[in-house]
Amino acid sequence: SQFQEDHLGVESTSEYVRVPARYLYKAETLAVILGTIFQCRADNNWRKIDFTATTRVSKHLEMIQNIWDALMEQGYERKRKVFLSEELDKDAQDKVKNIILTRGGEIVSREDEASHIVHNYPPKTATAEEVSSNCCPCCALALDSKGWSNANKTNHINSCRWKKFENGVLVRLISG
């Protein structure tokens, strides 16, 4: 929703987290969300829920936190356990740790305990050294055969690198 985008979006400094859209497509989780919203409405004596009312922003953010609490209580959501890769520099680790702890996550020391792993972003473009080598540093494809101009090598390395790092997404979910 626009409210979540405005108050919980990428540029937000709020400690609250958006409710994912996937919960709106399952009847069980939708019931939990709607029940929490109507409970909040009753507790605050609201006639209607108006996300455009600027006077109620803090109450709406509390309601979103209550939705998260209800989803966790019902077993539909679990606390995020985050492993920080050693390749992150100290400043990035401090920044990410602060975000994780502010938003209710937990830092774990072993990768196998994690639900999320934070990696360093790959460099945006291939270096001259990588392009001059005979193999792609990501997939080890031989780049010395016919038809590989420097531009083609650079494009391959850059696209391969972003695929390897899941299109530049910093956090990788662990399946299972």
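Residues numbered from 1 in each chain as written. Predicted model: local features only at pLDDT ≥ 70, side-chain atom pairs only at ≥ 80, totals over all residues. Heavy atoms only, no water.

Draft legend 1. Quick peek at the pattern of salt bridges. Here the structure, examined in full by the defined rule, presents 5 salt bridges. The closest approach of N and O atoms between Arg-80 and Glu-77, which form a salt bridge, is 2.6 Å. Residues Arg-110 and Glu-113 are paired through a salt bridge, measuring 3.5 Å at the closest nitrogen-oxygen approach. Through salt bridges with shared partners, one network takes in Arg-22, Glu-77 and Arg-80. (Salt bridge = Lys/Arg side-chain N within 4 Å of Asp/Glu carboxyl O.)

Draft legend 2. Broad picture of the packing of aromatic side chains. Under the defined criterion, the tally for this structure stands at 1 aromatic pair. Judged by centre distance (6.4 Å) and plane angle (85°), the ring pair of Tyr-23 and Trp-68 falls under edge-to-face. Taken together, the residues span a long stretch of sequence, with Tyr-23 in the loop between helix H1 (2–8) and helix H2 (27–43) and Trp-68 in helix H3 (residues 57–73) at a distance of 45 residues. Classification of Tyr-23 as buried rests on a relative accessible area of 5%. (Phe/Tyr/Trp six-rings, centres within 6.5 Å; stacked < 30°, edge-to-face > 60°. Helix = DSSP H or I, 4+ residues; strand = E, 2+ residues; numbered from the N terminus. Buried < 20%, exposed > 50% of the residue type's maximum accessible area, 1.4 Å probe, protein only.)

Draft legend 3. Layout of the environment of Phe-51. You can see Phe-51 is positioned in the loop between H2 and H3. Look at Phe-51 and you get partly exposed, because its relative accessible area is 35%. Distance from Phe-51 to Phe-3, taken between C-alpha atoms, is 6.3 Å for residues 48 residues apart in sequence.

Draft legend 4. Region of the structure containing helix H4 (residues 90–102). The first and last C-alpha atoms of H4 sit 18 Å apart over 13 residues, in line with the 18 Å expected at 1.5 Å per residue. Turning to H4, its buried residues number three or more, namely Gln-93, Val-96 and Ile-100. The buried residues of H4 occupy an angular sector of 75° when projected down its axis, which confines them to one face. Exposed residues on H4 whose side chains face more than 90 degrees from its buried face are Lys-90, Asp-91, Lys-95, Asn-98 and Leu-101. Positive phi appears at Gly-104, one or two residues downstream of H4, with a value of about 85°. (Expected span 1.5 Å × (residues − 1). Arc of directions from axis to C-beta.)

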